[in-house]
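Residues per chain, in single letters:
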Amino acid sequence: MIHHGDSVRRRALRHAAFDVATVRAMEAPLLRSGVPLMSMAAAAAARVVLALLDDMDVDTHEAGVVLLAGAGDNGGDGLLAGARLLGEGVAVTAVTVGRSAHAAAFSSFVRAGGSVLVLDQASTIPGCASGFGAGEAGERLHTAIGLAQDADVLIDAMTGIGVSGALRGIPAALAKALGRDGGVPDRPAMGDAAHDDDDAPLVVAMDTPSGIGVDDGTLPGPYIPADMTVMCGALKPCAMLPPAAYACGTVYLADFGFDLHGHDPAVRAMDGALAARSLRLPRLQDAKYSRGVTGLITGSTRYPGAGVLTTDAAAHANIGMVRYMGPSRVQDMVLTRVPEAVLGKGRVESWVVGSGVPSAQDPQAHADTQREIITALLAHYDVGEYSTDDPRDADPNDDDADDAGLHDEVPGGDAEDGDAPFANGSAGYAMPPICVDAGALDILPSRVPPQVVITPHAGELAALLSLRGEALSAADVLADPWSWAKRAHEITGATVVLKGAITLVVGDHEDGGVVTLVSGAAPAWLGTAGAGDVLAGTMGALLAQQDGELQEDADACVEAAAAACYIHGRAAALASGSGQRGWSEPTIVRIPVPAPAMNAALSDAGLGVGAVDIDDLSDDDAVDAVGSDMDDDLGMDEVPVGHPIVAHDLIAALPRVVSGLLG
Ligand SMILES: NC(=O)C1=CN([C@@H]2O[C@H](COP(=O)(O)OP(=O)(O)OC[C@H]3O[C@@H](n4cnc5c(N)ncnc54)[C@H](O)[C@@H]3O)[C@@H](O)[C@H]2O)[C@@H](O)CC1
Ligand SMILES: Nc1ncnc2c1ncn2[C@@H]1O[C@H](COP(=O)(O)OP(=O)(O)O)[C@@H](O)[C@H]1O
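Residues numbered from 1 in each chain as written. Chains lettered and ligands numbered in written order. Predicted model: local features only at pLDDT ≥ 70, side-chain atom pairs only at ≥ 80, totals over all residues. Heavy atoms only, no water.

In this section: the site of ligand 2. In the vicinity of ligand 2 there are 16 residues, among which Lys499, Gly500, Gly530, Gly532 and His568 approach most closely. Between an oxygen atom of ligand 2 and a side-chain N or O atom of Thr503, the distance comes to 3.4 Å. Within the complex, 73% of the 580 Å² of free accessible area of ligand 2 lies under protein. Ranked by residue count, the leading element in the shell around ligand 2 is helix α17 (residues 531-544), at four residues. Among the residues making up the shell around ligand 2, the classes are represented as seven nonpolar, seven polar and two charged. (Near = heavy atom within 4 Å. Polar contact = N/O pair within 3.5 Å; in protein donor to acceptor, adjacent residues only side chain to side chain. Areas by Shrake-Rupley, 256 points an atom, 1.4 Å probe, with all protein chains shown as cover. Helix = DSSP H or I, 4+ residues; strand = E, 2+ residues; numbered from the N terminus. Nonpolar A, V, L, I, M, F, W, Y, C, P; charged D, E, K, R; others polar.)

Rendered as structure tokens:
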């Protein structure tokens, strides 16, 4: 729940995304009081385009802008932005893609001197051609595509939050020709626009790129990937959720002054302040045990390095001690790299299992003792079959694992430091938090408590869900990652960390339902072997330093898990020296709300937002008042590229990230 307070509100604006129904509810009171939101959106978009032209060293009087205008309010935003640009001397051509156009915005655009190309044969736009034949329609489409390709900037205002399903008709044809027909934008991660084809126009999307799944982050059909998106009022889920977030480019958020109070975001993004809340600052009376101990059952004779990387990462991520359990060769390797590691059983505050352990498909799986030990440990987290009833209502005494005497066999049964490791016996909800990674995902019990954090990549999530009756490929997961992460949480009960350039963390919400946090703090240099092992170790350390609260607080599980992802990503950024990120927070464009007296006058005159003429607001004061957090120079090509890294570079950077966040 978002509460009042300006700094809280600004941080929420940058880090919270609201679904379409919620955005419409936030707009409603402003529209009722006559605040000219459309004109404000247009002012923000024009500001961004002018800054972009400046950045490209294109003189406004020589610039060519093509505007794809839909029939709804998104097209209205675009037409009013076009009118503003015309007022600055930019040549703007509007290509109308629907049968109609927003009447007041269209007339403002025409009065400002804009050219218009109508594509729909059945167009009813006043003063424009209509009723032309199919041949001419084809020629007009061809002309529009050519104009768009030759433009310096293409403004995509075909559809915004009013889109339903995949693009159809003329918008679909344009998107296919100018953008992509499905699939993720295919461009280098570094420097984005600066590395793009010099001849192609830069694309500025109005509110949302046309054709993307606004509420679910999918790319259901043809769409136009944007270099920049000027989002209206509040972020929508598509600005944070992969793959759609990759199609939004750099996001500028036009701040309409929405009151966020009482509105729950659909998705939230991690930031340093939130991650810092999951880091435990050492206290005077602390010793190694009270700072948290992580036990790791990772690595195998087949994949020994994962044992080293997970243990080393955990030891570097702000806890007091690590315990390692694995084959003797791997133990030797761990001790060489992490001499402070304690071998064998003992009390732990968290576990990490599965990294570098063969999965069931691996020919060596049957002979791997690590799998047997992990299976016995995981049995303690089994809270029953998946059902629509809340498993916490189940009788904790009904525990098959306890009946089978497995508690005596799991590692840590003979605690060397006092308390037994599983002090609360068989109740899965009282077990220490555990990160279940890689080869242990296929031995996850059918239903587990939220302090079980699973860390699959897309292929592993597909395999896990396939084992539970969903016939799924990695490509299916990549196409709709949020839905599948939520499904995995629903079926297993675990807190789900679905890894990628934007990592999704889905878990229980304190008020029921699910909560989603995303972390995109890393550059793509992080896609390197062993990076997942480092995340698992970091995760173990974050889970261990919560002073036992995760067994009681499902929300805290999501936050701690997302904090580990964020810290891991920041370590990659620090180690590689790269400025590129999987996700970056938006730049806020501030647009002062016109004085209430003016709003009232507009309302009295029957001029809702839809009817506001841009000229009413484009006096010098209003234009100058359009301030923003952005520099005039957008600095598109100044993102430091950085350099490749290996997994150990990440580990070395972890303490500096911790110190940066705590400082
Ligand atoms: N509601 C408001 O007061 C405000 C809305 N604003 C703008 O208004 C937009 C929402 O406007 P609307 O509700 O009119 O909706 P949109 O303009 O986003 O979309 C409706 C138009 O898209 C077409 N369309 C929908 N699905 C399609 C598909 N699958 N294929 C092809 N065409 C499709 C419809 O035929 C219609 O012409 C926002 O995204 C934002 O840009 C801003 O002006 C700020 C204030
Ligand atoms: N393009 C990318 N940009 C940012 N981070 C990435 C990218 N690709 C992968 N990652 C991150 O790198 C890690 C890879 O983990 P994983 O696939 O398990 O690798 P491995 O098994 O080699 O350790 C994850 O944390 C993932 O989020």
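In the vicinity of ligand 1 lie 23 residues, with Asp77, Gly160, Ser164, Ala166 and Asp207 positioned nearest. Between Gly160 and ligand 1, the recorded distance is 2.6 Å, taken from a backbone N or O atom to an oxygen atom. Interatomic distance of 2.8 Å between a backbone N/O atom of Ser164 and a nitrogen atom of ligand 1. Within the complex, 83% of the 860 Å² of free accessible area of ligand 1 lies under protein. Residues of the shell around ligand 1, tallied by class, amount to 10 nonpolar, seven polar and six charged.

With five of six residues buried, strand β2 (residues 64-69) is to be regarded as a mostly interior element. The pairing of β2 with strand β3 (residues 91-96) spans six bridges and is parallel. The partner of Ala69 across the bridge, within β3, is Thr96. When β2 meets strand β5 (residues 153-157), the two strands line up parallel, connected through five bridges. (Buried < 20%, exposed > 50% of the residue type's maximum accessible area, 1.4 Å probe, protein only. Pairing = 2+ DSSP bridges.)

Working definition: an aromatic ring pair is given by the centre-to-centre distance plus the angle between the planes. In total, this model carries one aromatic pair according to the counting rule given. With centroids separated by 5.8 Å and ring planes inclined at 80°, the aromatic side chains of Phe256 and Phe258 adopt a geometry described as edge-to-face. Exposure remark for Phe258: the relative accessible area of 0% places this residue in the buried category. In this structure, Arg140 is placed above the aromatic ring of Phe132, and the distance from its NZ or CZ to the ring centre is 4.4 Å. When the ring centre of Trp482 is taken as origin, the NZ or CZ atom of Lys486, which lies over that ring, is 3.4 Å away. (Phe/Tyr/Trp six-rings, centres within 6.5 Å; stacked < 30°, edge-to-face > 60°. Lys NZ or Arg CZ within 6 Å of the ring centre and 35° of its normal.)

A word on the nonpolar core. Ranked by size, the top nonpolar core spans 143 residues in total, and within it Phe256 and Val436 carry the most contacts. Counting only domains with at least three residues in this core, you end up with domain 1 (6-269 + 592-625) and domain 2 (293-580 + 645-662). Grouped together as the second largest cluster of nonpolar side chains are 61 residues, Leu517, Ala521, Ala563 and Ala575 included. (Core = buried A, V, L, I, M, F, W, Y, C linked by side-chain atoms within 4.5 Å. Domains from an automatic or database assignment.)

At a minimum axis distance of 8 Å, the contact between helix α4 (residues 73-87) and helix α5 (residues 103-111) shows a crossing angle of 20°. Judged on the interaxial angle alone, α5 and α4 are roughly parallel. The handedness of the crossing between α4 and α5 comes out as left-handed. Along its contact with α4, which presents Gly76, Leu79, Leu80, Gly82, Ala83 and Leu86, the element α5 presents Ala105, Phe106, Ser108 and Phe109. Its residues placed into classes, the contact of α4 with α5 shows seven nonpolar, three polar and no charged. (Axes fitted to C-alpha atoms, helices over the stretch in contact; angles between N-to-C directions. Parallel < 35°, antiparallel > 145°, perpendicular 65-115°, else oblique. Left-handed = near helix turned anticlockwise from the far one by under 90°. Contact = heavy atoms within 4.5 Å.)

Turning next to the environment of Leu117. You can see Leu117 is positioned in strand β4 (residues 115-118). Between the alpha carbons of Leu117 and Ala144 there is a distance of 7.4 Å; along the sequence they are 27 residues apart. Ignoring any residue separated from it by four or fewer positions in sequence, one finds Leu117 in contact with Ala94, Val95, Thr96, Arg140, Thr143, Ala144 and Leu147.

Here we come to unusual backbone geometry. The phi angle of most residues is negative, glycine excepted, and most peptide bonds adopt the trans form. Of the consecutive residues Pro242 and Pro243, the connecting peptide bond is found in the cis state with omega at -5°. You will see that Asn318, though not glycine, has its phi angle at about 75°, which is positive.

A separate point is the confidence of the model for the chain. Taken residue by residue, the chain gives an average pLDDT of 88. The fraction at 70 or more is 85%. Confidence over residues 390-425 falls short of pLDDT 50; this stretch has 60 contacts with residues more than four positions distant or in other chains. Low pLDDT (under 50) marks residues 597-628, which in the prediction has 60 contacts with non-local residues, meaning those over four places away or in another chain. In the predicted complex, the global pTM is 0.90; the interface-specific ipTM is 0.95. (pLDDT = per-residue confidence, 0-100.)

Quick look at helix α10 (residues 305-315) now. Among the 11 residues of α10, nine are classified as buried, and the element is accordingly described as predominantly covered. Of the surrounding secondary structure, the elements contacted by the buried residues of α10 are β12 (293-297), β13 (321-325), α11 (328-337), α17 and α22 (647-662).

Before going further, it helps to spend a moment on the domain arrangement of the chain. In terms of domain boundaries, the chain breaks down into domain 1 (6-269 + 592-625) and domain 2 (293-580 + 645-662). Domain 1 puts 15 residues into the contact, and the matching count from domain 2 is 17 residues. Each partner contributes to the roughly 1300 Å² buried at the junction of domain 1 and domain 2, and carbon and sulfur atoms together form 66% of this total. Viewed at the interface, domain 2 and domain 1 are joined by zero salt bridges. Only α8 (244-248) and β11 (267-269) provide two or more residues apiece to the side of domain 1 that touches domain 2. The element that contributes the greatest number of residues to the side of domain 1 that touches domain 2 is β11, accounting for three residues. Tallied by class, residues from the side of domain 1 that touches domain 2 come to 11 nonpolar, one polar and three charged. (Buried area = accessible area lost by both parts, 1.4 Å probe. Salt bridge = Lys/Arg side-chain N within 4 Å of Asp/Glu carboxyl O.)

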